[in-house]
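Here is what each chain is made of, one letter per residue.
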Amino acid sequence: MADEPLVLGIETSCDETGVGVVRGTTLLADAIASSVDTHARFGGVVPEIASRAHLEAMVPTIERALKDAGVSARDLDGIAVTAGPGLAGALLVGVSAAKAYAYALNKPLYGVNHLASHICVDQLEHGPLPEPTMALLVSGGHSSLLLAPDITSDVRPMGATIDDAAGEAFDKIARVLDLGFPGGPVIDRLAKEGDPAAIAFPRGLTGSRDAAYDFSFSGLKTSVARWIEAKRAAGEDVPVRDVAASFQEAVVDVLTRKAVRACQDQGVDHLMIGGGVAANSRLRALAQERCERVGIRLRVPRPGLCTDNGAMVAALGAEMVARGRPASDWDLSADSSLPVTDPHVPGRAHGQDQVHDHDHVHEISKDNLYS
């Protein structure tokens, strides 16, 4: 284990400041500072508030992660950071911090892809990823089916949402039902007490002529909202638990149906599910049921590793180091629309040993910061 790469990962793509420390495929620390409560009164994430929260939380969260891991910053073999996709301002805070630490410590820097990180985090719980890996990523910003022959260099999009992401739909329906933000956890809880067959909400893009692996939840969201509005206009009580259960069932039915189909079509005998919505209990249960029915092995990280966190970034960074992938240049920047086909942002001219000699002033600063 001592010979495996020790990597610190920084995640700031949205509203959570996540810092993880990983040695190989072993998680040593996963520190998170969330600003979700601050955003709740606005009914969603406010980018400027998220960026400012990252600025305030960054250094304390890094220090906490290193302390929890029982390692010194000088011991690190590299520093990984989410370079995209995500909120531009939030990403910039993380990238700037990672560059500063990597430069001061004379360590290689790895700008990695947020979506690829969500896949790689499963290694921390279930061991090395099979190659290729079929992954269903579901969150507030993404609903994607991805095939990854090599998580560090080859990730292929199979399908994606053409409008609202699944998590976004959960938040919007929760808002219509006056359930607060974020909507996923409360809908999941209430759905357990409701009837998933009570209301026949539509399943988007499931017709014979529709794109086999793409998703659409905008129509479902509109259908649920209009159903609720009609009940209220008629002076009737809205059966919140039945609405939650029926809406949730419509979402997870489509997600699992398409994911299993993709596995069968591509000859892949396993499915990995990640992203914040992967914490949904009904999604996990239905995916397990459908996978078992056709002989597919299901891999889903524990809920804490499904939501945005620094551990997933560190996991992908450690894999980059282990496979000898090139480090990023010092002019690495945030890319809010970084395509999933770019698992990481390699440097143009330097390899993984890209480090810089520092003058006397920098050496004094390093001693002050990391002694």
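Residues numbered from 1 in each chain as written. Predicted model: local features only at pLDDT ≥ 70, side-chain atom pairs only at ≥ 80, totals over all residues. Heavy atoms only, no water.

(A) Structural context of the sheet that holds strand β9 (residues 270-274). Reading across from one edge, β8-β7-β6-β9-β10 is the order of the 5 strands in this open sheet, with mixed pairing throughout. The open sheet has two edge strands, β8 (154-160) and β10 (297-299), and neither has a second partner. Neighbouring strand axes in the sheet, compared pairwise and without regard to direction, differ in orientation by 25° on average. Across 3 bridges, the pairing between β9 and β10 is parallel. Bridge pairing in β10 places L271 opposite L298. (Pairing = 2+ DSSP bridges. Helix = DSSP H or I, 4+ residues; strand = E, 2+ residues; numbered from the N terminus. Axes fitted to C-alpha atoms, helices over the stretch in contact; angles between N-to-C directions.)

(B) Just the layout of surface pockets, in detail. A volume near 1,100 Å³ is recorded for the largest pocket. Contributing to the lining of the largest pocket are 37 residues, with C14, S139, G140, G141 and D171 lying nearest its centre. Among the elements of the structure, α4 (114-120), α6 (166-176) and α7 (183-191) are those that each provide at least two residues to the lining of the largest pocket. Looking at the lining of the largest pocket element by element, the count peaks at 6 residues for α6. (1 Å grid on protein atoms, 1.4 Å probe; cavity = no way out; pocket = protein on both sides within 12 Å on 5 of 7 lines; lining within 4 Å. Points joined across faces, edges and corners; volume = space filled by probe spheres on them.)

(C) How the structure looks around the side chain of D122. Structurally, the position occupied by D122 is in the loop between α4 and α5 (123-126). The contacts of D122, once residues within four sequence positions are left out, are G127, L129, M272, R299, V300 and P301. (Contact = heavy atoms within 4.5 Å.)

(D) Representation of the sheet that holds strand β11 (residues 344-345). With mixed pairing, the 6 strands of this open sheet are ordered in space as β3-β2-β1-β4-β5-β11. Strand pairing shows two members of the sheet lacking a second neighbour, β3 (26-34) and β11, which therefore form its edges. Note: strand β4 (residues 78-84) against strand β5 (residues 109-113), 5 bridges, orientation parallel. Residue pairing across strands places V81 opposite G111, the latter belonging to β5. Docked against the sheet, helix α12 (residues 310-322) engages β1 (6-11), β2 (16-23), β3, β4, β5 and β11, running at close to 135° with respect to β1.

(E) Representation of the nonpolar core within the structure. Grouped together as the largest cluster of nonpolar side chains are 50 residues, with contacts concentrated most on L136, F247, L255, L271 and I273. Going through the elements one at a time, β6 (133-138), β7 (143-150), α6, α7, α8 (218-233), α9 (240-266), β9 and α10 (281-294) are the ones with two or more residues in this core. No other element matches α9, which puts 13 residues into this core. Ignoring anything within four residues of it in the chain, the contact list for F247 reads A169, F170, I173, I187, F201, L220 and V224. Ranked by size, the runner-up nonpolar core spans 31 residues in total, among them V112, L305, A311 and A327. (Core = buried A, V, L, I, M, F, W, Y, C linked by side-chain atoms within 4.5 Å. Buried < 20%, exposed > 50% of the residue type's maximum accessible area, 1.4 Å probe, protein only.)

(F) Broad picture of helix α3 (residues 88-105). With 18 residues, α3 should reach 26 Å at 1.5 Å per residue; the first-to-last C-alpha distance of 26 Å fits that figure. Of the residues making up α3, those classed as buried are A90, L91, V93, G94, V95, A97, A98, Y101, A102, A104 and L105. Of the residues one or two after α3, N106 is the one with positive phi, at around 60°. (Expected span 1.5 Å × (residues − 1).)

(G) Region of the structure containing α7. Here α7 has its buried residues at G183, V186, I187, D188, L190 and A191. The inward-facing, buried residues of α7 abut α6, α9 and α10.

(H) Broad picture of the packing of α8 against α9. Relative to each other, α8 and α9 sit at 165°, their axes nearing to 11 Å. Judged on the interaxial angle alone, α9 and α8 are roughly antiparallel. For α8 against α9, the interelement crossing comes out right-handed. Touching L220, V224, W227 and I228 of α8 are V243, F247, A250 and V251, all from α9. In the contact of α8 with α9, the residues fall into 8 nonpolar, no polar and no charged. (Parallel < 35°, antiparallel > 145°, perpendicular 65-115°, else oblique. Left-handed = near helix turned anticlockwise from the far one by under 90°. Nonpolar A, V, L, I, M, F, W, Y, C, P; charged D, E, K, R; others polar.)

(I) Region of the structure containing the packing of α9 against α10. For the pair α9 and α10, the least separation of the axes is 9 Å and the interaxial angle reads 35°. Relative to α10, the crossing made by α9 is right-handed. The segment α9 lies against α10, with Q248, E249, V252, D253, L255, T256, R257, V260 and Q264 engaging R282, L283, L286, A287, R290, C291 and V294.

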